[in-house]
Amino acid sequence: MFALTVRDRMMIAHSLPHPAFGPAQALHGATYVVELTIRRAELGEEAIVIDIGEATTLLKDALADLDYTNLDEHPDLAGTLTTTEALAKLVADRVAAQLPSGVYAGLDVTLREHPDAWATYTREL
């Protein structure tokens, strides 16, 4: 299995209105390093998984309307607990929707909230 990873970042504000989140129930900010890994069983005729520029654009586009946004006010996220895990899935789903079917084996999206804490969502394609 071959894989290519690119990364970007996004800055968001949000609250997590559930007792499990203690002080994070209040509005707060987070800066995520976002990594996108695209997997492919066999390389194409170009001998690459995907063009690095194309992968970078896919990730940037998936983050565009989230970056510098209060997610509590984002219309697509109403009623969603915007945890790191939920955001990783959202980004993965957005990228997957832009990839041609039958070419890639899967993708992983990792959001690093802190050098010692991150969440990953894996999606098979």
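The rules behind each value
Residues numbered from 1 in each chain as written. Predicted model: local features only at pLDDT ≥ 70, side-chain atom pairs only at ≥ 80, totals over all residues. Heavy atoms only, no water. Pairing = 2+ DSSP bridges. Helix = DSSP H or I, 4+ residues; strand = E, 2+ residues; numbered from the N terminus. Contact = heavy atoms within 4.5 Å. Axes fitted to C-alpha atoms, helices over the stretch in contact; angles between N-to-C directions. Core = buried A, V, L, I, M, F, W, Y, C linked by side-chain atoms within 4.5 Å. Buried < 20%, exposed > 50% of the residue type's maximum accessible area, 1.4 Å probe, protein only.

**Q** When you look at the sheet that holds strand β3 (residues 69-70) in this model, what are you seeing that I'm missing?
**A** The pairing of strands in a sheet happens through backbone hydrogen bonds and is either parallel or antiparallel. Reading across the sheet, the five strands line up as β3-β1-β2-β4-β5 and stay open at both edges, with mixed pairing between neighbours. Taken across any chain shown, the strands that pair with only one partner, and hence form the sheet edges, are β3 and β5 (117-124). Pairing analysis gives 13 bridges linking strand β1 (residues 2-14) to strand β2 (residues 28-40), with the strands arranged antiparallel. When the sheet's bridge partners are listed, Ala-13 is paired in β2 with Gly-29. Its contacts with the sheet put helix α1 (residues 52-63) on β1 and β2, and the angle it makes with β1 is roughly 25°.

**Q** Teacher, can you tell me more about the nonpolar core here?
**A** Formed by 30 residues in total, the largest nonpolar core has its most connected members in Met-10, Val-34, Ile-38, Ile-50, Val-91, Leu-107 and Val-109. Looking at this core, the element that brings in the most residues is helix α2 (residues 84-96), giving six residues.

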